[in-house]
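Architecture and fold: a report
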Amino acid sequence: AILIAAKCLAKIDPQVLDPIVDGTWLEGYDFLSVTSNIDCPALLLQGDPAFGGMLLDADVQAMKGLKPNLFHVMINGGSHQLHWTKSQEVFSAVTAFLLTP
């Protein structure tokens with residue numbers, strides 16, 4: 001994943017990264033508005049903020065308040081790259097979600 005990301009980053013216009021560097025990349029993005037538009041049961045995988053997970057507990061609680069059918073799984077020790085770093089845990093969470101009536 002790191003090698004692929006490095007190859008992709010080498011090909012982009014450096015100005016694309018300016019909002020990330022200056023901390024404005026999420027300005028105007030309202031994740032609760034996006035969440036409120038989800039009508040079906042949904043799986044929310046949360047990485048561990050101590051390991052680089054981006055979703056905070058307060059964000060999860062706010063989303064759960066909007067969506068009672070939200071299936072939330074916190075993957076302890078998981079980074080933002082859950083699919084790579086904790087693939088077995090992700091597989092188990094997805095399987096449990098799909099098998100939930």
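Here's a quick rundown of the structure. (Residues numbered from 1 in each chain as written. Predicted model: local features only at pLDDT ≥ 70, side-chain atom pairs only at ≥ 80, totals over all residues. Heavy atoms only, no water.)

What follows concerns the environment of I75. Among the structural elements, I75 can be located in strand β2 (residues 70-75). Its relative accessible area of 4% is what places I75 among the buried residues. The spatial distance from the C-alpha of I75 to the C-alpha of K86 is 7.9 Å, given a sequence separation of 11 residues. Apart from residues lying up to four places away in sequence, I75 is in contact with L45, Q46, G47, D48, L82, K86, E89 and V90. (Helix = DSSP H or I, 4+ residues; strand = E, 2+ residues; numbered from the N terminus. Buried < 20%, exposed > 50% of the residue type's maximum accessible area, 1.4 Å probe, protein only. Contact = heavy atoms within 4.5 Å.)

The gaps left among the atoms become clear once a water-sized probe is rolled over them. The computed volume of the largest pocket comes to approximately 600 Å³. What lines the largest pocket is a set of 23 residues, and nearest its centre among them are Y29, F31, M54, L55 and M63. Elements with a minimum of two residues in the lining of the largest pocket: α3 (31-36), β1 (42-47), α4 (57-66) and α5 (82-85). No other element matches the 6 residues that β1 contributes to the lining of the largest pocket. Its residues assigned to classes, the lining of the largest pocket comprises 15 nonpolar, 7 polar and 1 charged. (1 Å grid on protein atoms, 1.4 Å probe; cavity = no way out; pocket = protein on both sides within 12 Å on 5 of 7 lines; lining within 4 Å. Points joined across faces, edges and corners; volume = space filled by probe spheres on them. Nonpolar A, V, L, I, M, F, W, Y, C, P; charged D, E, K, R; others polar.)

This part takes up the pairing of β2. Relative to β2, β1 runs parallel, the two sharing 6 bridges. If you follow A42 over to β2, its bridge partner there is L70. Regarding topology, α4 serves as the crossover connection from β1 to the parallel β2, and that connection is right-handed. (Pairing = 2+ DSSP bridges. Right-handed = clockwise from strand over helix to strand, strands pointing away.)

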